[in-house]
Amino acid sequence: MTRYRLPTLCRPLILMLAGAALLSLAGMDSVVAQQRDAEQPIEVAADRLELDDQAGTAVYTGDVDIRQGSMQLTGDRVEFQRNEAGELSRATAYGERAYIEQQPDPEQPVVRGWGRKIIYHVAERRVELIDRAELHQGGDTFEGGYLEYFLDRRVVQARAQSEGVEGSQRIRMTLQPER
């Protein structure tokens, strides 16, 4: 696997992804965790990069592993799209088991998500986990064909069937009792 130094043009994309992706489930602590992650170096490992500055896209392929602080995004292919202002609007990871995680705060457990496709909508602060989707928050787990997680509201929506989902994948949930 080849390690690439992130081109200057891509740094704002990654910084926004890492700064906004999977914030803490606990108010101001999340801002502190976000700032800590945003101040960390960005490491990208992939076999190939295709950067189109005019189109506002960056496509990494081949065992992609992107890390910054406690944030990690992996997949066989990861695509970034920017809006007209040059800000990251969407990050999409593809793979047999694409993966996203972040530890929102040192006092809280790591939030982990898997799917064959993961879409992070930056402005909406929403993550879609599609096809064989899983979301783990502490001891709580959610599984299904399609999971949608709203970061600010801590809302999970799940469906057994959705576009891009092979067949019907029954929803399963395990919630730990409050202590």
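What you see is a predicted model, and the numbers here were worked out from it, not measured in a lab.

The subject of this paragraph is the packing of aromatic side chains. Considering all chains together, one arrives at two aromatic pairs under this definition. Relative to Phe-80, the ring of Tyr-60 has its centre 6.1 Å away and its plane inclined at 80 degrees; by these criteria the two rings are edge-to-face. Of the two residues, Tyr-60 sits in strand β4 (residues 57–68) while Phe-80 sits in strand β5 (residues 71–82), which places them 20 residues apart along the sequence. Look at Tyr-60 and you get buried, because its relative accessible area is 1%. We classify Phe-80 as buried; its relative accessible area is 1%. Measuring from ring centre to ring centre gives 5.1 Å for Tyr-99 and Trp-114, while their planes differ by 45 degrees; the resulting arrangement is tilted.

On to the pattern of salt bridges. Applying the stated rule across the entire model yields twelve salt bridges. As a salt-bridge pair, Arg-112 and Glu-101 come within 3.6 Å of each other at their nearest N and O atoms. Residue Arg-112 is located in strand β7 (residues 111–121), and its partner Glu-101 is located in strand β6 (residues 88–102); the two are separated by eleven residues in the primary sequence. Between Arg-126 and Glu-124 there is a salt bridge; the shortest N-O distance is 2.7 Å. Arg-126 gets classed as buried once you look at its relative accessible area, which sits at 11%.

Conventions we followed
Residues numbered from 1 in each chain as written. Predicted model: local features only at pLDDT ≥ 70, side-chain atom pairs only at ≥ 80, totals over all residues. Heavy atoms only, no water. Phe/Tyr/Trp six-rings, centres within 6.5 Å; stacked < 30°, edge-to-face > 60°. Helix = DSSP H or I, 4+ residues; strand = E, 2+ residues; numbered from the N terminus. Buried < 20%, exposed > 50% of the residue type's maximum accessible area, 1.4 Å probe, protein only. Salt bridge = Lys/Arg side-chain N within 4 Å of Asp/Glu carboxyl O.

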